Amino acid sequence: MSKAGRPKAEIKKEKIVSVRMKPEDYAKVKRYAESQDKTVTQVMQEGVLKLIDGSQ
């Protein structure tokens, strides 16, 4: 019998970052995430990488 639950990721993401935002800025991020079929977390991670690495 196989284990239930989410499969383990190759790279463990163990750091949590909290950001305070104005409600209207969060609404923009959430709207963008929904339009791209992504989560808010994915959008924020991609945005940070784009700023730091100039990638994506």
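See the structure shown above.
Residues numbered from 1 in each chain as written. Predicted model: local features only at pLDDT ≥ 70, side-chain atom pairs only at ≥ 80, totals over all residues. Heavy atoms only, no water.

Chemist: Sorry if this is basic, but what is going on with the overall build of the chain here?
Modeler: When its secondary structure is counted, the chain shows two helices and zero strands. The C-alpha atoms of the chain give 15 Å as radius of gyration, which overshoots the globular expectation for 56 residues (10 Å, by more than 25%). If you line up the chain on its principal axes, its C-alpha atoms span 45 × 25 × 20 Å. Put simply, the chain has 56 residues, and 5% of those count as buried. Surface summary for the chain: the accessible area is close to 6,000 Å², and the carbon and sulfur share equals 55%. Of the charged side chains in the chain, 13 are positive and 8 negative; the average position of the first set lies 5 Å away from that of the second. (Helix = DSSP H or I, 4+ residues; strand = E, 2+ residues; numbered from the N terminus. Rg over C-alpha atoms; globule rule 2.2 N^0.38 Å. Buried < 20%, exposed > 50% of the residue type's maximum accessible area, 1.4 Å probe, protein only. Areas by Shrake-Rupley, 256 points an atom, 1.4 Å probe, with all protein chains shown as cover. Lys, Arg positive; Asp, Glu negative; His and termini not counted. Charge placed at Lys NZ, Arg CZ, Asp CG, Glu CD.)

Chemist: Just checking my understanding: could you explain unusual backbone geometry for this structure?
Modeler: For residues besides glycine, phi is generally negative; the peptide bonds are generally trans as well. A positive phi is found at D37, a non-glycine position, where the angle reads about 55°. Locating D37 in the fold gives a position in the loop between α1 (23-35) and α2 (40-53).

Chemist: Looking at this structure, I do not really get α1. What am I missing?
Modeler: Because each turn of an α-helix spans 3.6 residues, side chains separated by three or four positions end up pointing in the same direction. In a regular helix each residue adds 1.5 Å, so 13 residues correspond to 18 Å; α1 covers 18 Å between its end C-alpha atoms and thus fits that length. Positive backbone phi, at 55°, marks D37, one or two positions downstream of α1. (Expected span 1.5 Å × (residues − 1).)

Chemist: Would you mind going over the layout of surface pockets with me for this structure?
Modeler: Picture a little ball the size of a water molecule; that probe, rolled over the atoms, points out where space is still empty. Estimated volume of the largest pocket: approximately 480 Å³. For the largest pocket, the lining is made up of 13 residues, of which V17, T41, M44, Q45 and V48 are closest to its centre. Take the lining of the largest pocket: its biggest share by element is six residues, from α2. Looking at the lining of the largest pocket residue by residue, the classes come out as eight nonpolar, two polar and three charged. (1 Å grid on protein atoms, 1.4 Å probe; cavity = no way out; pocket = protein on both sides within 12 Å on 5 of 7 lines; lining within 4 Å. Points joined across faces, edges and corners; volume = space filled by probe spheres on them. Nonpolar A, V, L, I, M, F, W, Y, C, P; charged D, E, K, R; others polar.)

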